[in-house]
Amino acid sequence: MVFERQKEAFFAQSAAQKQLVAASAGSQYSCEVGSPKFYALCAFGGLLSCGLTHTAVVPLDLVKCRIQVDPDKYKSLGNGFKVSIKEGGMKALTLGWAPTLVGYSMQGIGKFGFYEAFKNLYGGLLGEENAYLYRTSMYLAASASAEFFADIFLCPMESVKVRIQTTPGWETTLKAGAPRIMREEGINGFYKGLSPLWARQIPYTMMKFACFERTVELLYKYVVPKPRSDCNKGEQLAVTFVAGYIAGVFCAIVSHPADSIVSKLNANPGGGVASAAKELGFAGMWKGLGPRIIMIGTLTALQWFIYDSVKVAFRLPRPPPPEMPESLKRKLAAAQ
């Protein structure tokens, strides 16, 4: 009974907060935070940001995967491009574009759309003061929760993509590759890489969102010479891009060993996670880190830029960096 009353009070408070935001925003925003339209447009922004950017760097991703799976043949980024073009021409660099576009578009829906939902949920449960004090933990929890579901959307297409890119003589299109996996391995063939995908993507996404949120906060506090409210949209998007690139570098480093295992596992359908890790060895897990830092840094910066641009274009609420609530300031002042 007590829990039910607390739950009713929480949702009543949330509704009141949303009404206050909507009333104060007036015609400035097209919807309010937490509304179905808000989440739908955030998911659409995620679809564009992840789908377009990952597809744009397919050539770099292809060489990176080949370096991870066969480092003796593809010795470096430059050598990898040279060997791939020599064997298959320029067209070979586009292998896997279709599953990349489909898979990462679906992942973007879950990654960004669910992140906004979980951040709003966890922030409401923590309360205004705790949400500020423990905001980094809140970002980490919300992004991890979102990526758990996003990877379920991504995994089937990731399985097809890696096999197209790294298995000689295998199918070269999504149309032929997906039915072949279903025919030879069943539905498990699409999801056998899910656990290492979680191991790669969840730490990656936690770093991506938490590092981005805190970097934006620090840039406005110590680098940008004026408050965010005084910056025009172009200046705000420039800060978004810089913060996104910084976050992307850390993302690549944190998630690279698991990324190598995913590539190895999908290139050798009969193996398991432990055998793939053993075969790669510690040093092998870090092969291809250089091109992946370039790829992920650029990707992450562009993804945040596109996502924030979608918010601007559709007039979605874009809250400024968090500030200490007045109630918490009074408590701290009283304690001194």
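Here the focus is the packing of helix H7 (residues 135-166) against helix H10 (residues 194-223). Where H7 meets H10, the axes come as close as 7 Å, and the angle between the chain directions of the two elements is 140 degrees. On the basis of the axis angle, H7 is oblique to H10. Crossing geometry of H7 relative to H10 is assigned as right-handed. Looking at side-chain class alone, the contact of H7 with H10 contains 14 nonpolar, 4 polar and 8 charged residues.

Moving on: empty space enclosed by the protein. Tallied over the full model, the rule gives 2 cavities of 30 Å³ or more. Volume-wise, the largest cavity comes out at about 120 Å³. Surrounding the largest cavity, 14 residues form its lining, His 54, Asp 61, Tyr 104, Arg 200 and Met 295 being those nearest its centre. Put simply, the parts of the chain that give the lining of the largest cavity at least two residues each are helix H3 (58-69), helix H5 (97-126), H7, H10 and helix H13 (289-313). Classifying every residue of the lining of the largest cavity by side-chain character gives 4 nonpolar, 3 polar and 7 charged.

Our focus in this paragraph is the side chain of Lys 111. Positionally, Lys 111 belongs in helix H5. Lys 111 gets classed as buried once you look at its relative accessible area, which sits at 1%. A distance of 2.9 Å separates a polar atom in the side chain of Lys 111 from a polar atom in the side chain of Glu 147.

So, about the environment of Asp 259. Mapped onto the fold, Asp 259 is located in helix H11 (residues 233-267). Sequence separation between Asp 259 and Asn 232 is 27 residues; the distance between their C-alpha atoms is 38 Å. Those residues in contact with Asp 259 that lie beyond four places of it in its chain are Lys 64, Gln 68, Arg 200 and Arg 292.

Now for the layout of surface pockets. Each pocket or cavity is described by its volume, and for the second largest pocket that value is around 590 Å³. Every element with two or more residues in the lining of the second largest pocket is listed here: H10, H11 and H13. Of the residues assigned to the lining of the second largest pocket, the class counts are 12 nonpolar, 3 polar and 10 charged.

Here we take up the confidence of the model for the protein chain. Interpretation of the predicted coordinates at a detailed level should be avoided for regions scoring low in pLDDT. Per-chain confidence: the protein chain averages 86 in pLDDT, with 90% of residues scoring 70 or above. Confidence scores differ between elements of the protein chain, with helix H1 (residues 2-25) showing the lowest mean pLDDT of 44 and H5 the highest of 96. Every residue in residues 1-26 scores below 50 in pLDDT, and together they form 8 contacts with partners more than four places removed in sequence or on other chains.

Moving on, we come to the packing of H3 against H7. Orientation of H3 relative to H7, taken along the N-to-C sense of each, is 75 degrees, at an axis distance of 9 Å. Put simply, H3 runs roughly perpendicular to H7. Counted together, Val 58, Asp 61, Leu 62, Cys 65, Arg 66 and Val 69 of H3 and Lys 161, Gln 165 and Thr 166 of H7 form the full contact between these two elements. Class assignment for the residues of the contact of H3 with H7 results in 4 nonpolar, 2 polar and 3 charged.

Another aspect to go through is helix H4 (residues 77-88). Between its first and last C-alpha, H4 extends 17 Å over 12 residues, near the 16 Å set by a 1.5 Å rise per residue. Within H4, the full set of buried residues consists of Gly 80, Val 83 and Ser 84. The buried residues of H4 occupy an angular sector of 100 degrees when the element is viewed end-on, so they sit on one face. Seen from the open side of H4, the exposed residues pointing more than 90 degrees away from its buried face are Gly 78, Lys 82 and Lys 86. Gly 89 occupies a position one or two residues after H4 and carries a positive phi of about 75 degrees.

Moving on, we get to helix H2 (residues 36-56). Over its 21 residues, H2 runs 30 Å from end to end, which matches the ideal 30 Å to within 8%, given 1.5 Å per residue. Among the residues of H2, those classed as buried are Phe 38, Leu 41, Cys 42, Ala 43, Gly 45, Gly 46, Ser 49, Cys 50, Gly 51, Thr 53 and His 54. In this structure, the buried residues of H2 make contact with H3, H5 and H13.

Reading guide: rules and limits
Residues numbered from 1 in each chain as written. Predicted model: local features only at pLDDT ≥ 70, side-chain atom pairs only at ≥ 80, totals over all residues. Heavy atoms only, no water. Axes fitted to C-alpha atoms, helices over the stretch in contact; angles between N-to-C directions. Helix = DSSP H or I, 4+ residues; strand = E, 2+ residues; numbered from the N terminus. Parallel < 35°, antiparallel > 145°, perpendicular 65-115°, else oblique. Left-handed = near helix turned anticlockwise from the far one by under 90°. Nonpolar A, V, L, I, M, F, W, Y, C, P; charged D, E, K, R; others polar. 1 Å grid on protein atoms, 1.4 Å probe; cavity = no way out; pocket = protein on both sides within 12 Å on 5 of 7 lines; lining within 4 Å. Points joined across faces, edges and corners; volume = space filled by probe spheres on them. Buried < 20%, exposed > 50% of the residue type's maximum accessible area, 1.4 Å probe, protein only. Polar contact = N/O pair within 3.5 Å; in protein donor to acceptor, adjacent residues only side chain to side chain. Contact = heavy atoms within 4.5 Å. pLDDT = per-residue confidence, 0-100. Expected span 1.5 Å × (residues − 1). Arc of directions from axis to C-beta.

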